[in-house]
Each structure stands twice: as structure tokens, then as C-alpha cells.
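# Coordinate analysis (summary)
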Amino acid sequence: MQFNTPLDKWTSNPQLISWITENIALLSPKKVHLCDGSQEEYDALMHQMVSQGKAIKLDEKKRPNSFLFLSNPDDVARVEECTFICSKKKIEAGPTNNWEEPEEMKKRLKELFSGSMEGRTMYVIPFSMGPLGSNIAHIGVQITDSEYVVCNMRIMTRMGKKVLDVLKNDRFVPCLHSVGYPLKDNQEDIKWPCSPENRYIVHFPEERSIFSFGSGYGGNALLGKKCFALRIASVMARDEMWLAEHMLIMGITNPEGKRKYFAAAFPSACGKTNLAMLAPSLPGWKVEVVGDDIAWMKIGKDNTLRAINPEAGFFGVAPGTSYETNPNAMKSIEKNSIFTNVAHTEKEVDVWWEKMTKAPPSDLIDWYGKKWDSGSEKPAAHPNSRFTAPISQCPIIDPSFEDPEGVPISAIIFGGRRDGVIPLVYEAFDWTHGTLLGAGVSSQTTAAAKGQVGKLRHDPFAMLPFCGYNMGDYFAHWLNIGKQTSSDKLPKVFYVNWFRKDDAGNFIWPGFGENIRVLKWMFERTEGINNADETPIGYLPKKDAIDISGLKIPSNSMEILLSVDKKAFYDEMLDQEKYFEMFEDHFPNELKEMLSKIKKALK
Ligand code: GTP
Ligand code: SPV
Ligand code: MN
């Protein structure tokens, strides 16, 4: 076998050497490339992909060192129906996950992976989730046959030789990935190799291993992200009394210079990246970003809940991102970025997507690679098109981004896309109620996952597709975490809804930078300021407690946004109660009691 560098010089970790050796035999690659994570390696892979027609280099002056990829139209988002949690017992995976008997699944995977890298290079990527060498970081190694994945992993994680120096002879999470498109007898490669008819995203929680076959896109293929940092990490977190969550982490500083940290869980494509980098419309307020998608949280030495972001990059939704709605994201992607499934201009060769500018440029090529005319019904960029960019390029990166102790969390926010019923903001009575708010998250579906868009579904803690074990036990774990410290040290819990609509179908709340007004109210609540009324569903802002100075909205908007229709909310609670039935005796009694109490108060 041809190696780019001798295996025994690259690592002496016996588990790693035997895992690589076994996989060479199984996958039958043409060559093996052990990644060092260097800029030279990245540049060479990009150069190779451009010359093969797999990538388009963007204009060097407009967007230095940046590239565009257009995927197979059948490989554009996470595939939840092909995602499995293969615990030994089905009950361990719970009613919300797909499950199959582990030995059966292993047999199937063996068949699929057998010879799947024929004619291709097998890349080996050591990566760290979390700051290198910190005691809360965890190391994984991904094998892949996708150069696109190697380059994305270099942005999204701390990756390369330096990780092996930290790993030494310790255990790592093995992550095996193949696009499932072997090249037999010198067959020619295609622009975006994948195998849409045979996709499997499989996790073995007891073994802490990951197998992904057939897709090259996003969370299906960048295995450090959803597969490791959420599905496998949630199991580790349960066993070790911490939390692995689908949450952004943001720093908020008030005009007096006091900084606090908030974490927020919204379902996929419901506003985490945008909230994490918000440009405040209120003078004197400052927001800084620690993370935009995943938080690992643990009770720290000072008894507060401490959060780190295990990632090193953004994999953000492109459509809707503009210098007006999210200037900090736009500045983060000015260079050294990868774009997938966005549109591009033919003359200048730069990227474009819906709402990036008021009017589209006249010479657009859409995400299919075809000329796009501005009258077209179809969007030029795919709704789940994304940018990959290093967090270090964000102009408002938080000074504690690399702090292995993590940042102390003062508030946890849940939310979703709801055109009615749910008010703009309310606060939980206590941690138990907060856990119920998380469990009760429901949201209209988005293009981040394959399937129908706009359908209301339950998505507890925004973790429905990402919890690696029985969701009922996960609720109980949250209650347990609340018992690990005193209630005054626990974050306050809030629920928000930026997406309430009027009768004409328009968003009532302006959102984006204006969300600082709601954050300001929460900030004050965490300071113990009495600016809320107790209601049956929780604490709601007192009249005029939300600062709308300088905001131009119709005079009755705030009233509508903060109104609670008791009958509608009662039905909401009934619906939740019905949904929770599937967890049977795994659903905690404490939450059942809290739900009954709220129902009674609403009656
Ligand atoms: P994932 O990366 O899939 O987990 O998504 P996310 O939760 O980070 O969502 P993101 O911030 O990328 O937002 C998704 C879409 O919602 C984008 O098109 C945004 O423009 C839009 N959006 C975000 N925040 C707001 C808001 O406050 N109001 C409105 N109306 N739209 C928003
Ligand atoms: C999500 O779907 O929540 C994402 C995108 O953040 S992906 O990485 O594809 O999971
Ligand atoms: Mn996400």
C-alpha cells in the first residue's frame, strides 16, 4: 500500500495502527494519506479538486482562498431516516431514534464498506473536539475518501498531527466515512460522488464508534459535529454527569460593562448562528460569540454551569445571511471559506444566495450549475446551502473562546419556529419547569433535514435528531444536573419565539439585531430585576419592560407578541402530554407533575 508518510512515523498508538490496518483491508483504497493538518496539505487538496472540476475557485481578489462546491441534488441535507442509534437494547435508543440490532447492522455495514474506497485515497484525520489538550476535549479519528470532508474538517475542528501528539496511546472515537462510490478499473470520478440509495449514519453508543456511508454532505459526513459532539457525546455526558447540547454560546455585555453568557437551543435552521453573532441595535450593548451550534456544559469548580464550544468553525445556513441581518457572519466568510450549494456570479466568480443583497446579480449560475433567471420560481441557492468558515475569522469572537474552564452560563434559552400560540419570550419558574420547556420544544421543519418543510413537529431540546439515547432518560438527566448545584447558581431558563406571524403571514417581530431587546430583558432578569408578571405559563415581561426605544413597529405589536391565549396554550400542553406518552415510564414524574400544575392553572 502506498502511504504519503510512513504509518509508524506518524503514530505509535496501537489502537490507531490496528484500526487503520484493518480498514485498509476492508476498504481496499488505492492510496493512504495520513493527514498532518497543514496549510500546504489543504491547498494541495483544493488545487486537486479544482483541477478535477469538483470545486470552483472564487475570485482571489473578492474572496481570497475560497471555494464553491455543488453537490449531487440528492445529497443536500441530513438524512434522519437513515440515522441509527444501535445500542445493545432497543429501549436504550428510545422511541425517537431508529434502531437496529448491533450485530445485524455491523454485518450490513461490513458489506457496504467492503471495497468502497477502490480506486480512491483513504484519508485519516485526527481531530480534537474542544481546545487541544484541555481536559474537557475529546479526540476522534475520521477515515474518509472525500477530499471535501478533509478540508471541511480542517476548518470545523482542531485537526492534524498536533492532535496525535496529545492523544499519545489513549483511546479515541473511531469515525469511519465513505461516500460509497468506488472507482473500479480506472473509472472516471464525478463532481460529487455519493450513494443516495444506500445511506447509513450509524452510531454504536456503548462502543463509542461511528459509521457513515453514502453521503458527503454536512452533518452526515463531517463526523465530529452531530455524530460525535452530540449523539456520542450525549451518551458520554449522561455517564459522566455533564451535558452535550445543540446550543449556541454567546457573551453579552451591558452598557455598564458587565459581561454574562447565555446558551440557546433552537432546532436546525431556526436562528442559532444569527443569535450567536447578533449585532445589537441598542446602543452600548455588545455581543460576542463562543459557539453557534454545539455546547458541552459541566458544573465547574465554582458550582456554576460552565460551557465550551467543541468546534472551531461555523457550518452556517447561507440564505438569509446579509450585511444587514448578520454582518459578523458576512465578515467571517470574506476569505478562507468553503461554500456548498450556493449560487455564483459568472463574470466575477463570487457567491450569492437569497436575501444576500436586495436584488440578485444579473449573471447568476444556480446551485445546479445552470444559468438562473431572476424570474425563476426556484431559488438560486439551495435553502440548506452552507458556508464553512473558521471561528477565528469572526470579528466578535469571545476572549474566552479557548478557555478550557468554559464560560459560566447565566441563562438557557429554548425556542422554535411557531407562527402562533407561543409568545415572544417567557421565563420558567425554576429548573424543573425549564426542563419541561426544553422537552416541549416544537417547531416548523426546515430544509436542514431531508423531508417536508414547514410542518410542525416536536423537537425536544432541539435534540430530536441528535440524542444518542432514550430521550425520556435524557429529560431525567437534565433534572439530575439541576440537583448538582444550588438553585442560585443554576442558569435561569427562558423560551423565545422570533417567528410569530400576523394574519397576512408576515413576521411580527423584526428579529436579528433587534433580538437584543429581548436579551436585555433576560439579562435584567438574571440580575434579579423585578420586571416580570407571574402567569400560569411562567414569568412574562411587564408592560413596557421590553425596551422598544427607537424601534418602528405598529403600536399593538408588542401586545400581540406577548399575548397568551389560555385556551390555545392549554391545547398546547395537552398536545405535549400526548407526545410524552411514548416515553412511558422513562418520562420523569417531576415533569408530569409540573405539566399538570400548568394545565390546572390555565383551566
Ligand atoms: P443550523 O446550523 O441548521 O443548526 O441552524 P441555526 O439554528 O444556526 O439557524 P440560522 O441562524 O442559520 O438561521 C436559519 C435561518 O433563519 C436563516 O435563513 C436566517 O436568516 C433565519 N433567521 C435567523 N434569525 C432570525 C430572526 O431573528 N428572525 C427571522 N425572521 N429569521 C431569522
Ligand atoms: C443542523 O442541521 O442542525 C446543522 C447542519 O447544524 S448539519 O451539520 O448538517 O447537521
Ligand atoms: Mn445545528
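Conventions we followed
- Residues numbered from 1 in each chain as written.
- Chains lettered and ligands numbered in written order.
- Predicted model: local features only at pLDDT ≥ 70, side-chain atom pairs only at ≥ 80, totals over all residues.
- Heavy atoms only, no water.
- Helix = DSSP H or I, 4+ residues; strand = E, 2+ residues; numbered from the N terminus.
- Buried < 20%, exposed > 50% of the residue type's maximum accessible area, 1.4 Å probe, protein only.
- Phe/Tyr/Trp six-rings, centres within 6.5 Å; stacked < 30°, edge-to-face > 60°.
- Lys NZ or Arg CZ within 6 Å of the ring centre and 35° of its normal.
- Axes fitted to C-alpha atoms, helices over the stretch in contact; angles between N-to-C directions.
- Parallel < 35°, antiparallel > 145°, perpendicular 65-115°, else oblique.
- Contact = heavy atoms within 4.5 Å.
- Nonpolar A, V, L, I, M, F, W, Y, C, P; charged D, E, K, R; others polar.
- Polar contact = N/O pair within 3.5 Å; in protein donor to acceptor, adjacent residues only side chain to side chain.
- Near = heavy atom within 4 Å.
- Salt bridge = Lys/Arg side-chain N within 4 Å of Asp/Glu carboxyl O.
- Core = buried A, V, L, I, M, F, W, Y, C linked by side-chain atoms within 4.5 Å.
- Pairing = 2+ DSSP bridges.

With phi around 55°, V349 is a residue other than glycine that occupies positive phi space. Mapped onto the elements of the fold, V349 is located in the loop between β20 (343-345) and β21 (351-352). We classify V349 as partly exposed; its relative accessible area is 21%. Within the chain, E584 stands out as a residue other than glycine whose phi angle is a positive 45°.

Attention now moves to the packing of aromatic side chains. Scanning the entire structure with this criterion turns up 35 aromatic pairs. Note on Y579 and F583: the rings are 5.8 Å apart at their centroids and 80° apart in plane angle, and the pair reads as edge-to-face. Residue F583 is classed as buried on the basis of its relative accessible area of 2%. An aromatic cluster of three or more residues is present, and its members are F414, W431, F461, Y469, Y474, F475, W478, Y579, F580, F583 and F587. When the ring centre of F523 is taken as origin, the NZ or CZ atom of K260, which lies over that ring, is 5.3 Å away. Its guanidinium or amino end placed over the ring of W242, K298 lies 5.3 Å from that ring's centre, counting from NZ or CZ.

Interhelical geometry of helix α12 (residues 431-439) versus helix α17 (residues 589-602) gives an angle of 90° and a closest axis separation of 9 Å. By the angle between their directions, the pair α12 and α17 is classed as roughly perpendicular. Contact residues: α12 offers T432, H433, T435 and L436, while α17 offers E590, L591, M594, L595 and I598. Across the contact of α12 with α17, the residue classes break down as five nonpolar, three polar and one charged.

With that settled, the discussion passes to helix α6 (residues 147-156). Counting buried positions along α6 gives nine out of 10 residues, so the element sits mostly inside the fold. Taken together, the buried positions of α6 are E147, Y148, V149, V150, C151, N152, M153, I155 and M156. In this structure S146 caps α6, since a side-chain oxygen of it lies 3.3 Å from the backbone nitrogen of Y148.

Surrounding ligand 2, one finds R78, G218, G219, K225, K226, H246, S268, D293, F315, R386, A448 and F466. Contact between ligand 2 and G219: an oxygen atom at 2.8 Å from a main-chain N or O atom of the residue. With respect to ligand 2, the side chain of D293 contributes an N or O atom lying 3.4 Å from an oxygen atom. When contributions to the shell around ligand 2 are tallied by element, the ones reaching two or more residues are α8 (218-221) and α9 (224-240). In terms of residue class, the shell around ligand 2 is made up of three nonpolar, four polar and five charged.

The tally for this structure, following the rule as stated, stands at 41 salt bridges. Between R108 and E100 there is a salt bridge, with its nearest N and O atoms 3.0 Å apart. R259 is the salt-bridge partner of D398, the closest N and O atoms lying 3.8 Å from each other. A residue pair is termed long-range when its members are at least 10 positions apart, and D398 in the loop between β23 (386-390) and β24 (407-415) and R259 in strand β14 (residues 259-265) qualify at 139 residues.

All right, on to the nonpolar core then. Counting 166 residues, the largest nonpolar core has M297, W353, F414, F475, L519 and M522 as the members making the most contacts within it. Per-element accounting of this core gives the leading share, nine residues, to α9.

Turning to its location among the elements, K301 is positioned in the loop between β16 (295-299) and β17 (305-308). Look at K301 and you get exposed, because its relative accessible area is 75%. For K301 and E405, which are 104 residues apart along the polypeptide, the C-alpha to C-alpha distance reads 9.0 Å. Among the polar contacts listed, one links the side chain of K301 to the side chain of E405, at a separation of 3.4 Å.

Before going further, it helps to spend a moment on the environment of T96. Its place among the elements puts T96 in the loop between α4 (90-93) and α5 (102-113). Separated by 376 residues in sequence, T96 and G472 have C-alpha atoms that sit 9.5 Å apart. Not counting residues within four places of it along the chain, the set of residues in contact with T96 comprises L464, M471, Y579, M582 and F583.

Right, let's talk about the pairing of strand β13 (residues 248-253) for a bit. Taking burial as the measure, the six residues of β13 include six buried ones, the bulk of the element. Summarising the sheet, β13 and β14 pair through six bridges and their orientation is antiparallel. Bridging across to β14, G251 finds its partner in Y261. In this sheet, strand β15 (residues 286-291) lies alongside β13 in antiparallel orientation, the contact comprising five bridges. From the neighbouring strand, I249 faces β15, where its bridge partner is G291.

Moving on: the side chain of R199. Summarising the element assignment, R199 is placed in the loop between β9 (173-178) and β10 (200-204). Overall, R199 belongs to the buried group, its relative accessible area being 7%. Within the local environment of R199, its side chain forms a polar contact with the backbone oxygen of D74, the two atoms lying 2.7 Å apart. In this structure the side chain of R199 is engaged in a polar contact, spanning 3.5 Å, whose partner is the side chain of D75. When near neighbours in sequence (up to four residues on either side) are disregarded, R199 contacts D74, D75, V79, C82, F213, G214, S215 and K450.

A word on the pairing of strand β28 (residues 492-496). For β28, the tally of buried residues reaches four of five residues, placing the bulk of the element in the interior. Summarising the sheet, β24 and β28 pair through five bridges and their orientation is parallel. Across the sheet, the residue bridging to G415 is V496, located in β28. In this structure, strand β25 (residues 425-427) lies alongside β28, joined through three bridges in antiparallel fashion. By the bridge assignment, V425 is partnered in β28 with V496.

This part takes up the side chain of T445. Here T445 lies in the loop between β26 (442-444) and β27 (456-458). On the basis of relative accessibility, which here comes to 16%, the residue T445 falls in the buried class. Those residues in contact with T445 that sit more than four places away from it in its chain are Q452, V453, G454, K455 and R457.

With mixed pairing, five strands are arranged side by side in an open sheet as β3-β4-β19-β23-β18. With partners counted over all chains shown, the strands left at the sheet margins are β3 (56-57) and β18 (313-317), one partner each. For strand β4 (residues 67-69) and strand β19 (residues 338-340), the ladder comprises three bridges, and the chain directions are parallel. Across the sheet, the residue bridging to F69 is T340, located in β19. Packed onto the sheet, helix α3 (residues 39-51) meets β3, β4 and β19 and runs at close to 50° relative to β4.

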